[in-house]
Amino acid sequence: MNNIKTSSAIRRRYRADGRFKVYCLAAVLFALLFLVFFFSDLMTRGWPALLQAEVQADIHYSEVVAEGRYRKAIDKSLRPLVSRGWLRTLPLYLEDHPQKMGSREELWVIASSAVDQYLKGHSSKLKLRHRKLVDKLKSEGRIKLAFNTGLFTRGDSKMPEIAGIRSAVVGTLYVLFLTMIFALPTGIMTAIYLEEFAPDNRFIRLIELNINNLAAIPSIMFGLLGLAIFINFFGVPRSSALAGGLTLALMTLPVVVISARAALKAIPDSIREGALGVGASPWQSIWHHVLPLAMPGIMTGSIIGLAQAMGETAPLIIVGMIAYIPDSPDGILDAATVLPAQIYTWAGEPMRAYAERTAAGILVLLAVLLSMNALAIGLRRHFERRW
Amino acid sequence: MNEASSAEPVSSADAMIGIDGLRLWYGDHEVLHGVSLGIRERHVTAFIGPSGCGKSTLLRCVNRMNDRIQGCRLEGSVMLDGTDIYAPDVDVVQLRTRVGMVFQKPNPFPKTIYENIAYAPRIHGIARNGVAMDELVENCLHRAGLWEEVKDKLQQPGTALSGGQQQRLCIARTIAVRPEVILMDEPCSALDPIATAKIEELIDELKNEFTIVIVTHNMQQAARVSDYTAFFYLGDLIEYADTSTIFTAPNKTQTEDYITGRFG
Ligand SMILES: Nc1ncnc2c1ncn2[C@@H]1O[C@H](COP(=O)(O)OP(=O)(O)OP(=O)(O)O)[C@@H](O)[C@H]1O
Ligand SMILES: [Mg+2]
C-alpha cells in the first residue's frame, strides 16, 4: 500500500541525497582551493617582478665608453650597483646617437639584480659595504623600486635584471597568427566538406575516425611530425615561427574540425531545406545561411583551440623554439621563441630574479589565455539565438 | 500499373506534372511501389493518407529534395511540362526555382523579414536591390496576405513573427521566385485554426496563378481547399479523383474507411 507520509525508507533516501550533495560540494571546494592556492602563489611570486630597482646615476658619454669600456660611464662608487647588462648597451647607444658624445646626463638606470633582490628583502649576494651604500642612497631617494617596463619592452637576457618577455610575446604572436591562418580555413573547409557534402562511405568514416583520434594524440607527437615534415623535408628553418606555427596548426586542426562540425550539426536542416527550396545552390545555402549561423560556434571552438596551442610547449621544443632568443624576430623565418618556452627556460635558471620573472611570465600567459576564453564565451553569449 | 490509379481524373494532356510508375527506396526499404498520377495546372491537388504512407516522399520527389537523402533511389519518371526532371541534363537548382516548397514547420531564415523575401530574387537576379526589390517584397507580402501585419517592421527578424505569420512569410518567400508549382507539406500542422483559415484562403487565391500540391492530415482541409485528392496507403496510390468524389462517393472501401476516420 502506497503511503504519502514519510516512511523510514524515504528518509533514508533523503539522507543519501543529502550525502551525495555534500560530496559534490566538497569536490567543488577542493578544486576551488587548488585554484586559489595556485593563483595566490603565482601572484606573490610574480608580483615582485613587476618592480625593478633603479639607481640615479650620472652618465658620462666619453670616447672610452664608445671604445667598449662601458663601465667607465659612471662613477666608480656606483659601478657595483648598476646592471652590467644595461651598461653594456651604452657603446651601441652612442653609435646610434653620436651627438651625445662627450655629454653628461643624470638618469635612472637599472640596478643589478643583487641590489634589486636586496631592496625587495630577499636573500642577496650583495656585499656588506654595498648594502650600506644602497641604504644610504635609498634614504637620499636616489635608489628606488619602479615599475618594470623593461619586462615588457626587452627580450631575454643572461642577466635577469634586463631580461624581458618581449621577444617571446612577439614570437607568440607570429606563431599564433600562422597557426590561425593555416588551421582555421583548412579546418573549417574540412568540417564543411565532411558535414555537408561527404557521402557516407567507408573512406569518409575512416577520415572522420582519424580526425577524432588526432585530437587525442599527445602534443609532442606533433612536434616530431613537424620536425620530420616541415624542417627536415620542406626545409623550413629550425626555431622559426613558421616551423612552430605549422606544427601547432597540425595540432589545432582536429580541434577546429571537430568544433566546426559540431557547430554545423547544430544548425537545423530546415534552414538548408529552406534555402535549397528557393533555388539556392548547395554552396549558397551553406555560405549564405548555414555558415553565418554556425560561425559563433566555430569561432568559440577555434579560439579555445588557439588558446590551447598558445599554451603548448612540448611540440615547440622539438622544432627548436626553446633557444635563447634575446631579439624579437623580424619575420616568420627568423629564430623565435614563445611565452611558454620562455617560461620554461627561465624556470630552469637558479637565480631568484629569474624565478620572479617566471611567475610574472606565467601571469601574463594566463591573463592572455583567460581573456581569449572570455572572448570565446562572450561570442557564444552574444550570438546565442533561437529558431 | 496499379489498377486503382488507372481511373485518371486528370488526362495526361491536362497534366502539368506527370508522375509515372514511380518506385522509391530508402536503402533497401521500398517506400513507393509504382505511383502514377497527373497533376493539373493551376489547381490544388491534395495528398492524403495515413502516416508513413509516403506522401511527403512523393511530394519531395517533385522538386528533387530527396536527392539530399543518402541511399534514396528511384525508378519511373516525374515529368514537369513534358521534361523528365530526373534526366541527367536537368539542373536541380533551376528546377527548384520552378517548383517551390513550403515546409511543415515554418522555417524563415533567421534574417529580417525583408531579407527573407529578397534573398531568392537577388541570387536569381530577378531584382536588384533598391526600388525594384522594395516593390517585389511588398508585392509578395501582399499576395501572401501579410503586408498589413508586417509593413512597419520589415527590418525585424522573420523568426520573431507568430507561427502563422512565419508560414505566410515562407509562402511569400516561395512566390518571390515566381515558381510554377508550389509544394506544401502539411503547411498548417503547426498552426492554430485561425492561422490555418488564413493559409487556406491564401491557397484559394494562389491557385489562380500557381499549381499547388498539398499534403494534409486534415480531411476537412483537403475537402475545403483542393480540387483533386489522392489517397495513399502504404506506398500505393489507392484512389485519385475529384475531391468531391473522394469525399462523397469514394470507389474504394479503404478510402471510405480512412476519410470517415475508421482507420489511420
Ligand atoms: N530519410 C529517410 N530515410 C529512410 N526512410 C525514410 C526517410 N524518410 C521517410 N522514410 C520512410 O519512408 C516512409 C514514408 O515516409 P513519408 O515521410 O513519406 O511518410 P508520410 O506519408 O509523409 O507520413 P506523415 O504523414 O507522417 O508525414 C516511412 O516508412 C518512413 O519511415
Ligand atoms: Mg510527411
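Since the structure is predicted, the reported quantities are computational estimates derived from the model, not experimental observations.

Residue and element names in this part refer to chain A. Here helix α6 (residues 128-140) is 13 residues long and its end C-alpha atoms lie 19 Å apart, about the 18 Å a rise of 1.5 Å per residue gives. Where α6 is buried, its residues contact β1 (51-60), α5 (113-119) and β3 (143-147). Phi turns positive, to about 75°, at G141, one or two residues after α6.

Residue and element names in this part refer to chain B. Lining the immediate surroundings of ligand 1 are 13 residues, of which S51, K55, S56, T57 and H217 lie closest. E186 is positioned such that a nitrogen or oxygen atom in its side chain is 3.2 Å from an oxygen atom of ligand 1. Bound to the protein, ligand 1 loses 63% of the 630 Å² it would expose on its own. Within the residue set of the shell around ligand 1, elements represented by two or more residues are β2 (29-40) and α1 (55-62). Considering every element that reaches the shell around ligand 1, the biggest residue donor is α1, with three residues.

Attention now moves to the domain arrangement of chain A. Residues and elements named next belong to chain A. We note that the domain assignment places domain 1 (2-47), domain 2 (50-149) and domain 3 (166-383) within chain A. The C-alpha centroid of domain 3 is placed 43 Å from the C-alpha centroid of domain 2. Taken together, the seven residues of domain 2 in the interface contact five residues of domain 3. Here domain 2 packs against domain 3, burying approximately 470 Å² in sum over the two surfaces, 40% of which is carbon and sulfur. Per-residue buried area on domain 2 facing domain 3 is highest for S113, Q117 and H122; these three make up 56% of the total on that side. Put simply, domain 2 and domain 3 have one salt bridge between them. Where E356 meets K120, a salt bridge forms, and the shortest distance between an N and an O atom there is 3.0 Å. For the pair domain 2 and domain 3, the interface holds four residue pairs in polar contact (both at pLDDT 80 or more). With three residues, the single largest contributor to the side of domain 2 that touches domain 3 is α5.

The next point concerns the packing of helix α12 (residues 269-277) of chain A against helix α13 (residues 282-310) of chain A. Residue and element names in this part refer to chain A. Contact geometry for α12 and α13: axes closest at 9 Å, N-to-C directions at 140°. Viewed along their axes, α12 and α13 adopt a mutual orientation that is oblique. The handedness of the crossing between α12 and α13 comes out as right-handed. Of the residues in α13, those touching α12 at I271, R272, A275 and L276 are P282, S285, H289, V290 and L293. Here the contact of α12 with α13 is built from residues that sort into six nonpolar, two polar and one charged.

Residue and element names in this part refer to chain A. A contiguous nonpolar surface patch, about 540 Å² in accessible area, is contributed by M189, Y193, F197, W283 and W287. Of all the secondary structure elements, the ones that give two or more residues to the nonpolar patch are α8 (166-197) and α13. The biggest single contributor to the nonpolar patch is α8, with three residues. For F197, the position within the fold is in helix α8. Look at F197 and you get partly exposed, because its relative accessible area is 38%.

Moving on to the interface of chain B and chain A. Often, the extent of an interface is quoted as the loss of accessible area on bringing the components together. The interface of chain B with chain A comprises 22 residues on the first partner and 22 residues on the second. Taking both sides of the interface into account, the surface hidden between chain B and chain A amounts to around 1800 Å²; carbon and sulfur atoms contribute 57%. By the criterion of area lost to chain A, the three top residues of chain B are B:R68, B:P110 and B:Y119, representing 29% of everything that side buries. Its salt-bridge partner being B:R68, residue A:D269 comes within 3.1 Å of it at the nearest N-O pair. Taken together, the links from chain B to chain A amount to nine residue pairs in polar contact (both at pLDDT 80 or more).

Taken residue by residue, chain B gives an average pLDDT of 91. The fraction at 70 or more is 96%. Below pLDDT 50 for its whole length, residues 1-6 of chain B participates in ten contacts with residues either more than four positions away or in separate chains.

What the rule picks out here adds up to eleven aromatic pairs over all chains. Each ring, one from A:W283 and one from A:W287, has its centre 5.5 Å from the other, and the planes form 20°; the classification is stacked. Here A:W283 and its partner A:W287 are both found in helix α13, four residues apart, which amounts to about one turn of the helix. Residue classification places A:W287 among the partly exposed residues on the basis of a relative accessible area of 46%. Between A:W346 and A:Y354 the ring centres are 6.3 Å apart and the planes differ by 40°, which places this aromatic pair in the tilted class. In terms of burial, A:W346 and A:Y354 fall into one category: buried. Lying over the aromatic face of A:Y324, A:K158 brings its terminal NZ or CZ to 4.1 Å of the ring centre. Just above the ring of B:F109 sits the side chain of B:R173; from NZ or CZ to the centre is 4.4 Å.

What counts and how
- Residues numbered from 1 in each chain as written.
- Chains lettered and ligands numbered in written order.
- Predicted model: local features only at pLDDT ≥ 70, side-chain atom pairs only at ≥ 80, totals over all residues.
- Heavy atoms only, no water.
- Helix = DSSP H or I, 4+ residues; strand = E, 2+ residues; numbered from the N terminus.
- Expected span 1.5 Å × (residues − 1).
- Contact = heavy atoms within 4.5 Å.
- Near = heavy atom within 4 Å.
- Polar contact = N/O pair within 3.5 Å; in protein donor to acceptor, adjacent residues only side chain to side chain.
- Areas by Shrake-Rupley, 256 points an atom, 1.4 Å probe, with all protein chains shown as cover.
- Domains from an automatic or database assignment.
- Buried area = accessible area lost by both parts, 1.4 Å probe.
- Salt bridge = Lys/Arg side-chain N within 4 Å of Asp/Glu carboxyl O.
- Axes fitted to C-alpha atoms, helices over the stretch in contact; angles between N-to-C directions.
- Parallel < 35°, antiparallel > 145°, perpendicular 65-115°, else oblique.
- Left-handed = near helix turned anticlockwise from the far one by under 90°.
- Nonpolar A, V, L, I, M, F, W, Y, C, P; charged D, E, K, R; others polar.
- Patch = residues over 30% accessible without salt bridge, like charges linked within 9 Å, V, L, I, M, F, W, Y side chains within 5 Å.
- Buried < 20%, exposed > 50% of the residue type's maximum accessible area, 1.4 Å probe, protein only.
- pLDDT = per-residue confidence, 0-100.
- Phe/Tyr/Trp six-rings, centres within 6.5 Å; stacked < 30°, edge-to-face > 60°.
- Lys NZ or Arg CZ within 6 Å of the ring centre and 35° of its normal.

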